[in-house]
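Understanding the architecture of this molecule
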Amino acid sequence: METINQLRRVESLHRGMPVSDGAGVKLQRVLTQNLQQRLDPFLMLDEFGSDQPGDYIAGFPSHPHRGFETVTYMLDGRMRHRDNAGNEGVLGPGDVQWMTAGRGVVHSEMPEQEEGRMRGFQLWVNLPAREKMCDPQYRGIQNSEIPRLSPAPGVMISLIAGEYDGQQGAIRGISTRPLYLDIQLAAGATLHVPLPETHHAFAYVYEGQVTMDETARAVSKGTLAVLTNGRDQQGVRLQAEAESRLLLIAGQPLHEPIAQWGPFVMNRREELEQAFEDYHQGRF
Ligand code: FE
C-alpha cells in the first residue's frame, strides 16, 4: 500500500473557453495554449457536449496531425474515425481512441448520428523529440475493455491509462507514462489518488463539485484545477461536495521546446515549416 506523505494543492483554476473547431463544432477549450509549459506533456483538452445537432453535425472533416497523440474519450453519442493509414472505427459511449500521429496522419472524425446527445473529450499528449517522426499508431479501446475499480464506497474509477492500486489501465507503453482516470464520486465520497512526484497533474471537474485542497475553495463543474508539484507531494485527496465526475490526468514532463502551428506540434520552427510542406506535397 502506497503512503501519501504530502498532498498536492490546487495551484490555479481555469474555466473553459468556448471555441469553434473542425467544420464548425462548438467546444469548450479547457486546457489552452498558455498552460502547455506548466502542464507539459499535455497540449490541449477540449470538452464537447451538446443535444443540438447544429453544434456537432459538421464534425471534423479530413485534417492532418504530426508530432503528438490525440486521445478521444466519448461519453455519449457516436463518432466515426477514418485515416489515411486505413484505420476506421466507430467510437461509442465510454470508448477511447488513442492515436499516435507520429510523422503524420490525415484523418476525419465525423458524428455517426443526426440527433441526440454528443459528449466527450479530446486530449492532446505531446511526444518526445525522438518519437515525433515515429510510425503512426491507432488504438481503439472499447468501453468493456477499460478496467473499472471501486476502491472506496461511492467511488468508481475508469482506468483509461496508467496505474491505480497495482492495476494497469487500458492503454500502456506510452513514454510520458500518462495517468488518465475518469472518476465518479457520490456526494460526500473521498478518494486518495497517488501520483508520481515529478508528474504534472490536473483535474477537470465536468459534473458536480469537488474539494482537492482543504485550504482552497471547491472546484466546480467546468473548471480545470492545476495541481502543485512540490517536494514529497505525491498524491491528491478528492472529496465530493455533490455527486461528481472528473478527469484526473497526469504525465511525465518532457522539458523540450514546443513549437505549434495548428495541428502540427514539433520542437522548432523549421520542423513546422517541414511539416507544412510535407503535408501539402502529400507526403503524410
Ligand atoms: Fe484530429
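Note that this is a predicted model, so its numbers are computed, not measured.

A separate point is the overall build of the protein chain. On a plain count of helices and strands, the protein chain comes out with two helices and 27 strands. Here the C-alpha atoms of the protein chain give a radius of gyration of 18 Å, agreeing with the 19 Å that 2.2 N^0.38 yields for 284 residues. The buried share of the protein chain, reckoned over its 284 residues, is 53%. Contacts spanning at least 24 positions in sequence make up 73% of the contacts within the protein chain whose residues lie at least 6 apart.

The next subject is helix α2 (residues 269–280). The terminal C-alpha atoms of α2, which comprises twelve residues, lie 17 Å apart, in line with the 16 Å expected from a rise of 1.5 Å per residue. Residues of α2 that are buried include every one of Leu272, Ala275 and Asp278, and no others. The arc that holds the buried residues of α2, viewed along the axis, is 125 degrees, so those residues lie on one side. Turned more than 90 degrees off the buried face of α2, the exposed positions are Arg269 and His280. Close packing links the buried residues of α2 with β26 (259–261) and β27 (264–266). Phi turns positive one or two residues past the end of α2, at Gly282, with a value near 70 degrees.

Attention shifts here to the pattern of salt bridges. Within the structure shown, the criterion is met by 21 salt bridges. With a shortest N-O distance of 2.7 Å, Glu11 and Arg38 are connected by a salt bridge. Note that Glu11 is positioned in strand β2 (residues 10–15) and Arg38 in the loop between β4 (25–31) and β5 (42–50), a separation of 27 residues in sequence. On the accessibility criterion, Glu11 (41% relative accessible area) is partly exposed. Across the salt bridge formed by Arg29 and Asp21, the nearest N and O atoms sit 2.9 Å from each other. Taking relative accessible area as the criterion, Asp21 reaches 32% and is therefore assigned partly exposed. Each of the salt bridges in this network shares a partner with another, and the network as a whole consists of Asp51, Asp76, Arg117, Arg119 and Glu207.

Before going further, it helps to spend a moment on the coordination of the iron ion. Between any two of four tetrahedral donors, the ideal angle at the metal is 109.5 degrees; between two of six octahedral donors, it is 90 or 180 degrees. Within the protein, His63 (NE2), His65 (NE2), His107 (NE2) and Glu109 (OE) serve as the donor atoms for the iron ion, at 2.1 to 2.4 Å. Taken together, the four donor atoms coordinating the iron ion and their angles of 85 to 179 degrees define a geometry best described as irregular. Binding-site remark: the iron ion is held by donors from one chain whose sequence spacing is H-x1-H-x41-H-x1-E. One end of the pair, His63, is in strand β6 (residues 60–65); the other, Glu109, is in strand β11 (residues 105–111), with 46 residues separating them in the sequence. Relative accessible area serves as the criterion here: at 8%, Glu109 is assigned to the buried category.

What counts as what
- Residues numbered from 1 in each chain as written.
- Predicted model: local features only at pLDDT ≥ 70, side-chain atom pairs only at ≥ 80, totals over all residues.
- Heavy atoms only, no water.
- Helix = DSSP H or I, 4+ residues; strand = E, 2+ residues; numbered from the N terminus.
- Rg over C-alpha atoms; globule rule 2.2 N^0.38 Å.
- Buried < 20%, exposed > 50% of the residue type's maximum accessible area, 1.4 Å probe, protein only.
- Contact = heavy atoms within 4.5 Å.
- Expected span 1.5 Å × (residues − 1).
- Arc of directions from axis to C-beta.
- Salt bridge = Lys/Arg side-chain N within 4 Å of Asp/Glu carboxyl O.
- Donors = N, O, S within 2.8 Å, 3.2 Å for Na, K, Ca; no water.
- Tetrahedral: all angles 85-135°; square planar, octahedral: opposite > 155°, others 65-115°.

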